[in-house]
Amino acid sequence: MPVDLKNVLDDIARLHQEAKDNINRADSLQTLQQLKIDYLAKKGKVTVLFAKIGQVDPKDRPTLGEHLNRLKTEITDALQQRSDELATAQMAISDFDPSLPGRKPSVGGLNPLLQVMDEIKSIFIGMGFRIEEGPEIETEYNNFVALNMPEYHPARDMQDTFYLPNKYLLRTHTSPVQIRTMESQKPPVRMIAPGRCFRKDTPDATHSPTFHQVEGLCVDKNVSFADLKGVVQAFATKLFGNQVKVRFRPSFFPFTEPSAEYDFSCVFCNQKGCRFCKNTGWLEISGAGMVDPAVFGFVGYDPEVYTGYAFGLGVERVALLKYQIDDIRTLYENDLRYLEQF
Ligand code: PHE
């Protein structure tokens, strides 16, 4: 007994209506995708109806085939149309124009000061120095007294200091890390201490109330001024190349004896004279000297057995030279257009 054509056509009509309703209600591309599966996939509601073709009277088969094909086409078209509508609506909402060129993500970088700090550190690590740290808020004792600057010492005035209550202060140099290190370690000591320092300077092209130093300290038996000169020269060469010369000038610091200030030959003009070296051919870097025996007294090292050298390094100075910057204030402004050049 063949299946009645009319019943199948009724099924087709119902399915058509149902599919149209569902498709028009669909509010996402995922829902549409699911509907496509529900109706048109291998086991979908439309597909299975095709099996009925073989079950109706042979004379009705062409009619049924025609109806089924039309149903399939109409559902396919409806799905496509709804999908286009949704895409257009989505675009209107997000204002998304896929034809626009992409936006490059901005990648962060290190401030030139930090880059120089890292370079200085790795040079000294390569020469066997360890890295030590100390706090930016220091005691008067570590910053001055133990560095052979008692309360009445004029050098305390020289370094215009930010004093805090209770004999604390913002460290005016990294030298107090010498004291901390020697108090906590027995010789031999070979360390550098990079860090931020503070002085009451009015900002200008070469001064800033916050700045950075790298302290160096080496204490052992038989350490001499020649070792100090060798290490500073090796450092200068690693940083600026073979042609750079180092010069030591006699100077005074309460915590070193003898004391010196040292300069690098001007890396810009090769000592022909330029605005960076103010036509002297030399660039001041910082101070250095042999650790004063009085300092050893404060930290309990035997000055009869040990000698040592210490040096400071102005990091901003080095950054200026390295990157040919002529105003240290630019290092702190964090202007991206500027920083991106390094
Ligand atoms: N602390 C000194 C300064 O800030 C530099 C220095 C360090 C001098 C070590 C001698 C030895 O100017």
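None of the values given here were measured: they were computed from a predicted structure.

A. Representation of the overall build of the chain. Per the secondary structure count, the chain includes 12 helices and 10 strands. A compact globule built from 342 residues should have a C-alpha radius of gyration of about 20 Å, whereas the chain, at 40 Å, is more than 25% larger. In terms of overall dimensions, the chain has C-alpha extents of about 120 × 45 × 40 Å along its principal axes. Evaluated residue by residue, the chain yields a buried proportion of 41% over its 342 residues. In the chain, the share of contacts with a sequence separation of at least 24, taken over all contacts with a separation of at least 6, comes to 66%. As displayed, the chain has an accessible area near 19200 Å², and 52% of this comes from carbon and sulfur atoms.

B. Spatial organisation of the layout of surface pockets. If you add up the space inside the largest pocket, you get close to 1300 Å³. Lining the largest pocket are 46 residues, with Thr206, Glu284, Ile285, Ser286 and Arg317 positioned closest to its centre. Mapped by element, the contributors of at least two residues to the lining of the largest pocket are β6 (210-220), β7 (246-253), β8 (256-265), β9 (282-291), β10 (307-311) and α11 (315-323). With 8 residues, the single largest contributor to the lining of the largest pocket is β9. Partitioned by chemical class, the residues of the lining of the largest pocket number 17 nonpolar, 16 polar and 13 charged.

C. Geometry of the packing of helix α1 (residues 5-25) against helix α2 (residues 29-40). As a packed pair, α1 and α2 sit with axes 10 Å apart at the nearest point and diverge in direction by 165 degrees. Comparing their axes, α2 and α1 come out roughly antiparallel. Considering the relative orientation of α1 and α2, their crossing is right-handed. Within the contact between the two elements, α1 uses Leu15, Glu18, Ala19, Asn22 and Ile23 and α2 uses Leu32, Leu35 and Tyr39. Taken together, the residues of the contact of α1 with α2 break down into 6 nonpolar, 1 polar and 1 charged.

D. Local environment of the nonpolar core. One finds Phe124, Tyr262, Phe264 and Leu313 to be the most contacted residues of the largest nonpolar core, which totals 46 residues. If sequence neighbours within four positions are ignored, Phe124 has contacts with Phe129, Ile192, Val231, Phe235, Phe311 and Leu313. In this structure, Leu169, Val177, Phe255 and Tyr306 belong to the second largest nonpolar core, which totals 21 residues.

E. Structural context of the sheet that holds strand β2 (residues 137-139). Strand order in this open sheet of 3 strands is β2-β4-β3, and the pairing throughout is antiparallel. The open sheet has two free edges, formed respectively by β2 and β3 (163-164), since each of these has just one partner strand. Where β3 and strand β4 (residues 168-170) come together, 2 bridges link them in antiparallel fashion. When the bridges of β4 are listed, Leu164 appears paired with Tyr168.

F. Here's a closer look at the site of the ligand. Around the ligand, a shell composed of 14 residues is seen, among which His173, Ser175, Arg199, Gln213 and Glu215 lie nearest. Take His173: an N or O atom from its side chain is 3.0 Å from a nitrogen atom of the ligand. One of the side-chain nitrogen or oxygen atoms of Arg199 is found 2.9 Å away from an oxygen atom of the ligand. Contributing elements (two or more residues each) for the shell around the ligand: β6, β9 and β10. Taken together, the residues of the shell around the ligand sort by class into 5 nonpolar, 7 polar and 2 charged.

G. Main features of the packing of helix α5 (residues 112-126) against α11. Two elements in contact, α5 and α11, have axes whose closest approach is 9 Å; the angle formed by their N-to-C orientations is 100 degrees. Considered as vectors, α5 and α11 are oriented roughly perpendicular to each other. Packed against α5, whose contacting residues are Pro112, Leu113, Gln115, Val116, Met117, Glu119 and Ile120, the element α11 presents Val315, Glu316, Val318, Ala319, Lys322 and Tyr323 at the interface. Here the contact of α5 with α11 is built from residues that sort into 9 nonpolar, 1 polar and 3 charged.

H. Region of the structure containing the environment of Ala19. As for its placement among the helices and strands, Ala19 is situated in helix α1. Once the C-alpha coordinates of Ala19 and Lys45 are considered, the two residues, 26 residues apart in sequence, prove to be 9.8 Å apart. Setting aside residues up to four positions removed in sequence, Ala19 forms contacts with Tyr39 and Ile75.

I. Broad picture of the side chain of Asn142. Mapped onto the elements of the fold, Asn142 is located in helix α6 (residues 140-143). A distance of 3.1 Å separates the side chain of Asn142 from the side chain of Glu138, its partner in a polar contact.

J. Structural context of the pattern of salt bridges. Counted by the stated rule, this structure contains 16 salt bridges. The closest approach of N and O atoms between Asp11 and Arg14, which form a salt bridge, is 3.3 Å. Placement of both Asp11 and Arg14 in helix α1 is noted, with a separation of 3 residues, approximately one turn of the helix. Exposure remark for Asp11: the relative accessible area of 27% places this residue in the partly exposed category.

K. Highlighting the pairing of β7. The pairing of β7 with β8 spans 7 bridges and is classified as antiparallel. In the strand pairing of β8, Ser251 is matched with Ser259. Between the end of β7 and the start of β8, which pair antiparallel, lie 2 residues.

Conventions adopted
Residues numbered from 1 in each chain as written. Predicted model: local features only at pLDDT ≥ 70, side-chain atom pairs only at ≥ 80, totals over all residues. Heavy atoms only, no water. Helix = DSSP H or I, 4+ residues; strand = E, 2+ residues; numbered from the N terminus. Rg over C-alpha atoms; globule rule 2.2 N^0.38 Å. Buried < 20%, exposed > 50% of the residue type's maximum accessible area, 1.4 Å probe, protein only. Contact = heavy atoms within 4.5 Å. Areas by Shrake-Rupley, 256 points an atom, 1.4 Å probe, with all protein chains shown as cover. 1 Å grid on protein atoms, 1.4 Å probe; cavity = no way out; pocket = protein on both sides within 12 Å on 5 of 7 lines; lining within 4 Å. Points joined across faces, edges and corners; volume = space filled by probe spheres on them. Nonpolar A, V, L, I, M, F, W, Y, C, P; charged D, E, K, R; others polar. Axes fitted to C-alpha atoms, helices over the stretch in contact; angles between N-to-C directions. Parallel < 35°, antiparallel > 145°, perpendicular 65-115°, else oblique. Left-handed = near helix turned anticlockwise from the far one by under 90°. Core = buried A, V, L, I, M, F, W, Y, C linked by side-chain atoms within 4.5 Å. Pairing = 2+ DSSP bridges. Near = heavy atom within 4 Å. Polar contact = N/O pair within 3.5 Å; in protein donor to acceptor, adjacent residues only side chain to side chain. Salt bridge = Lys/Arg side-chain N within 4 Å of Asp/Glu carboxyl O.

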